[in-house]
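Structural overview
Listed below, chain by chain, are the residues.
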Amino acid sequence: MINGQHIDRRSRTPRIPSPAPPADAAAALLRRYDAGEPLEASPVAEGLLNHGYRVLTTAGTYFLKCYVDRTTAVPAAIAAQHHATAALHALGLPTAPPLAARDGRTVVAFAGRRYALFPWVDGSHRAGHELTPDQCAELGTLLGAVHLALARVHPPVLQPLVQPSADPVRTEELIEELLALAAAHRPQDELDLLARQRLLERRGLLASHAHRRPRPDAAPPTGWVHGDFHPLNLLYRGSEPVAILDWDRLGLKPRAEEAVRGATLFFHHPLTGALDLVRVRRFSQAYRAAGAAGAEEMAAAVHRVWWERLNDFWMLQWRYQRGDHRADPLFPAAAAQIVSWCEEYEQVLDAYIN
C-alpha cells in the first residue's frame, strides 16, 4: 500500500493500522537514502502481510514498507517484486517502484527487518460499482497489459504438466473440523451460527458438484501475475489508475484465473456477494481483447476459480484455527457469493467468455 483512502467491502483484504514504527527506525533508514531528514513517521493502513508508514521529510513524503510476512519477506521474493515494478514502470504501466538507497540497493535491513522506501502516491481507491462501464473495460485492458508486460520482462515460463485442484475429500475433513471448532467457540456469536449454517450448506453443494472437479491437465496457461488484484491494491487519481500496489504475491499461476478472481473482487454486491455480471462482462471482454487470454482459457479459469472457492474456507480457518479475526467481516458475503455462483454458473460463465 502506497497511499489511498480505504473503502470497506466484502472481498477486499481487511485493513488495520500498522504498529507504530521503532522510534529510531525512520531516521536510521532515511540516512541511507537521499530523502531528506525525517519530520514525522506515522502508520498507514495495512493488509494481512506487511507493515507500512507514511514518512514526511524535509525533501517530501514517502512510503516506508516493512516486510514481516514469512512467505513474502524473503530476499528473493522482494527482489522479484522490485524488479517487476521497475520494469513495468519503464514500460509505462502505473506502478510505483522502490527508490534506491545510496548503495544502489532497494532493500535495507534494520533491527532484523527488511525495509524499502517508495514515493508517496496521492490517490484513492474505487469500488467496482463506482466504475462506469467504460472504466470497467479499461480495468480489464489494464490487467491484460500487466500480464503481457510481466511475460515480456521475465524469461519464458515452462508450462507445468498439471495444475492440481482442491480435493473434496480433504475439504469434507476440514468441514468436520471447522464445524466442531465453531460449535465450541466461546463466546458464541452470530458469525459462529452463520459459519455452521454455511459449512453444512457447502457440504451439500460439494456432494452435488463433486463430479465437476477440474481435471489437472485442464488449467489455462501459467504466467506471471500480480497475485492480489483487488480494489485496495489499485490507486486512482480522478478516473485514471495511477498505481497498482502491493506486489507481495507476485508469482507464477494460471494467468486467466487472476482475471476471473479480480473481477469477482471488484464487481460484487458488498452484502450479498452477488456478481455484477454486466460489469464482469465489460471487464472480461477488454481483458481478452488485450490478448492476455482467449475465451477457451477464460472458461477453464472460471471453472477452476469456482471450484477452488467452493472448497475454500480460509476465513474460517483464520478465525478458528489461528484465533485471528481480521478476516471475519469478509465471510458472510464470500460464503453467499459461492452459493449464487453455483445457482447461476452458466450465466457467470457466459459473462466471462462472450
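So, a few notes on the structure that sits alongside this text. (Residues numbered from 1 in each chain as written. Predicted model: local features only at pLDDT ≥ 70, side-chain atom pairs only at ≥ 80, totals over all residues. Heavy atoms only, no water.)

In this structure, L117 sits in strand β7 (residues 113-119). Separated by 39 residues in sequence, L117 and P156 place their C-alpha atoms 30 Å apart. (Helix = DSSP H or I, 4+ residues; strand = E, 2+ residues; numbered from the N terminus.)

Spatially, β2-β4-β5-β7-β6 is the arrangement adopted by the five strands of the open sheet, whose pairing is antiparallel. Strands with a single pairing partner mark the edges of an open sheet, and in this sheet they are β2 (38-43) and β6 (108-110). With strand direction ignored, the average angle separating the axes of adjacent strands in the sheet is 30°. The pairing of strand β4 (residues 51-57) with strand β5 (residues 60-67) spans seven bridges and is classified as antiparallel. Within the sheet, the bridge partner assigned to L56 lies in β5 and is T61. Across the face of the sheet, helix α2 (residues 75-90) comes into contact with β5 and β7 while running at roughly 10° to β7. (Pairing = 2+ DSSP bridges. Axes fitted to C-alpha atoms, helices over the stretch in contact; angles between N-to-C directions. Contact = heavy atoms within 4.5 Å.)

A separate point is helix α11 (residues 345-353). Taken together, the buried positions of α11 are Y345, V348, L349, A351, Y352 and I353. In this fold, the buried residues of α11 make contact with α6 (255-266), α7 (277-289), α8 (295-310) and α10 (331-343). (Buried < 20%, exposed > 50% of the residue type's maximum accessible area, 1.4 Å probe, protein only.)

Here the focus is the packing of aromatic side chains. Two numbers describe a pair of aromatic rings. These are the distance of the centres and the angle of the planes. Following the criterion strictly, the structure yields seven aromatic pairs and no others. Between W306 and W307 the ring centres are 6.1 Å apart and the planes differ by 55°, which places this aromatic pair in the tilted class. Taken as a pair, W306 and W307 share a single burial class, namely buried. Taken together, the ring pairs connect F229, F266, F267 and F283 into an aromatic cluster. The ring of W306 is capped by R212, whose NZ or CZ atom sits 4.6 Å from the centre of that ring. Across the ring face of Y345, the terminal group of R212 is positioned such that the distance to the ring centre comes to 4.2 Å. (Phe/Tyr/Trp six-rings, centres within 6.5 Å; stacked < 30°, edge-to-face > 60°. Lys NZ or Arg CZ within 6 Å of the ring centre and 35° of its normal.)

A few words now on unusual backbone geometry. Each neighbour pair has its own omega, and for R186 with P187 the value is -5°, a cis peptide bond. With respect to the element layout, P187 can be found in the loop between α4 (168-184) and α5 (190-209). Positioned with a positive phi, A111 is a non-glycine residue whose angle comes to about 50°. Within the fold, A111 resides in the loop between β6 and β7.

Here we take up the packing of helix α3 (residues 133-153) against α6. The contact between α3 and α6 brings their axes to 11 Å, and the two run at 150°. Classified by the angle between their axes, α3 and α6 sit roughly antiparallel to one another. Crossing geometry of α3 relative to α6 is assigned as right-handed. Contact with α3, carried on its side by L139, L143, H147, L148 and A151, involves R255, E258, A259 and F266 of α6 and no other residues of that element. Taken together, the residues of the contact of α3 with α6 break down into six nonpolar, one polar and two charged. (Parallel < 35°, antiparallel > 145°, perpendicular 65-115°, else oblique. Left-handed = near helix turned anticlockwise from the far one by under 90°. Nonpolar A, V, L, I, M, F, W, Y, C, P; charged D, E, K, R; others polar.)

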